[in-house]
Amino acid sequence: MENTVYHELAKHLDRLPGGFPSTPDGVELRILRHLFTQPEARLACHLTLIPETAQVLAYRGGLVRDTAAAMLEAMWQKGLILKQESKGKPSRYMACQFVVGIWEFQVNRLDPGLVADMAAYIPVLFNADAWRRAPQMRTVPVNRSIDPKLPVMPHEAAAALIRSKDHFVISPCICRKERRMAGHGCDGPLEACISFGDAGSYFIQSGIGRQVDRQTVLDLLETADRAGLVLQPSNSRDPAWICCCCGCCCGVLRTINTYPRPGELVAAPFAVQLNADGCTACGLCLGRCQMGALAFEDKTLQLNNHRCIGCGLCVSTCPTGALRLTRKPRSQQPRVPANMAIALLRTAWKRKKIGPIQVAAEIGKSQRDRYLSSRRSKTDASKKDQRR
């Protein structure tokens, strides 16, 4: 019975945009057993991407409303589901994909066993083909690497993105924290994840993150450049977050680094161009590149364009200007969705997990259950009045 409920939850999470694929040894089920109790796993299977009240979810899950409400609130506090709040209205809850989502919310709940299981699961969780077609993250260059003459869209420059926002939350990087727990990783800054607006509300309310001002975030971007961290916003023109990532800790970067052509997996509008004649062989760029795109051959710097992800880290410290960013050809420009909602739907569509028929069915199911749960609530109230 225990395995059945966790198998069902795993299938449910795999139908969400980010996916949750199965493995031969069931490591994904161990992760779920660590995070969810059996009742929580059972209730989580009834949540969708449509925000719904405890009353509706209680009806769908065959629970008493107060019981469901208490469970949903506890699950939200554990970072297992999402919640929407509106003044004067009951809270509404919705499913949360595993990555990016549930896992990042576990930054303060890690232990060695969970970290080891996740390390084993990441290579399976990262689907290169799906990521190439609809990545959840993209790469933007560090500020100092952007030449004033280079045409840059507002959503392609980190500083411009920050200046377009007005609510900021900084929280610890779960990748860096788990790698340190496993005895690996680096000494990069731990507070390296930036969330905007509603996306940071959970981190604030749970005590994981802290609210900061715009200048603090701009300073963090400079710190990231000095530390050699890649800037990865969520893949939309209006991003919900920006992560400052290193190749030794970040699950995404570590995984794509194992592929022969990381540059083809990453959504980036720019690539580096090398003027070998201007290179003095100082070697600063070698330690900055997170993908091993640069190397010396016969004392001459060589650039492997297939490994370049356009982060600009090598450019920002090149003393002679031998390395510079250029815009990729139009045919190689990544398609960046307008907002996170469209980005998630596109990811699900590209993974062939959802389509117009499924969306219509989910909406219809939600409307039906709202009506039926309301009727049940009125019937229960009427019975109570009669007993009085």
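Note that the structure is predicted; figures quoted are calculated from it, not measured.

1. Here's the deal with the sheet that holds strand β6 (residues 210–212)
With antiparallel pairing, the five strands of this open sheet are ordered in space as β6-β4-β5-β8-β7. Unpaired on one side and paired on the other, β6 and β7 (230–233) mark the two borders of the sheet. Put simply, the sheet's adjacent strands are angled 30° from each other on average, direction ignored. Across three bridges, the pairing between strand β4 (residues 168–172) and β6 is antiparallel. Within β6, the position partnered with F168 by the bridge is V212.

2. Here's the deal with the packing of aromatic side chains
Going through the model one piece at a time under the given rule, you end up with 10 aromatic pairs. For the pair F20 and Y121, a centre-to-centre distance of 5.2 Å together with 65° between the ring planes defines the contact as edge-to-face. With F20 in the loop between α1 (2–14) and α2 (27–35) and Y121 in helix α7 (residues 112–125), the pair connects residues that are 101 residues apart, well separated along the chain. Centre to centre, the rings of F126 and Y259 are 6.3 Å apart; their planes meet at 55°, and the pair counts as tilted. In this pair, F126 sits in the loop between α7 and α8 (128–133) while Y259 sits in the loop between α13 (251–256) and β9 (270–274), placing the two residues 133 residues apart along the sequence. The class for F126 is buried, based on a relative accessible area of 9%. According to the relative accessible area criterion, Y259 is partly exposed, its value standing at 28%. Aromatic rings pair up to connect F20, F98, W103 and Y121 into one cluster. Positioned above the aromatic ring of W76, the side-chain terminus of K83 is 3.9 Å from the ring centre.

3. A word on the environment of N143
Tracing the chain through its elements places N143 in the loop between α8 and α9 (158–163). Distance in space between the C-alpha atoms of N143 and C311 is 9.8 Å, their sequence separation being 168 residues. Ignoring anything within four residues of it in the chain, the contact list for N143 reads A158, A159 and L221.

4. Considering α7
Between its first and last C-alpha, α7 extends 19 Å over 14 residues, near the 20 Å set by a 1.5 Å rise per residue. Remark: the principal bend of α7, roughly 25°, maps to A119, with a proline, P123, within the next four residues. Those residues of α7 not exposed but buried are L114, V115, D117, M118, Y121, I122 and L125. Contacts made by the buried residues of α7 are with α2, α6 (98–102), α10 (174–181) and α13. Where α7 starts, the residue carrying a side-chain oxygen 3.0 Å from the main-chain nitrogen of G113 turns out to be D111.

5. So, the pattern of salt bridges
The tally for this structure, following the rule as stated, stands at 18 salt bridges. For D225, the salt bridge is made with R288, and the minimal N-O distance between the two is 2.6 Å. With a gap of 63 residues between them, D225 in helix α12 (residues 214–227) and R288 in helix α14 (residues 284–288) connect regions that are remote in the sequence. The burial state of D225 is the same as that of R288; both residues are buried. For R261, the salt bridge is made with E264, and the minimal N-O distance between the two is 3.0 Å. Since its relative accessible area comes to 39%, R261 is described here as partly exposed. The partly exposed category is assigned to E264, whose relative accessible area is 39%.

Criteria and thresholds
Residues numbered from 1 in each chain as written. Predicted model: local features only at pLDDT ≥ 70, side-chain atom pairs only at ≥ 80, totals over all residues. Heavy atoms only, no water. Pairing = 2+ DSSP bridges. Helix = DSSP H or I, 4+ residues; strand = E, 2+ residues; numbered from the N terminus. Axes fitted to C-alpha atoms, helices over the stretch in contact; angles between N-to-C directions. Phe/Tyr/Trp six-rings, centres within 6.5 Å; stacked < 30°, edge-to-face > 60°. Buried < 20%, exposed > 50% of the residue type's maximum accessible area, 1.4 Å probe, protein only. Lys NZ or Arg CZ within 6 Å of the ring centre and 35° of its normal. Contact = heavy atoms within 4.5 Å. Expected span 1.5 Å × (residues − 1). Bend = angle between axes of the 7 residues up to and from the residue. Polar contact = N/O pair within 3.5 Å; in protein donor to acceptor, adjacent residues only side chain to side chain. Salt bridge = Lys/Arg side-chain N within 4 Å of Asp/Glu carboxyl O.

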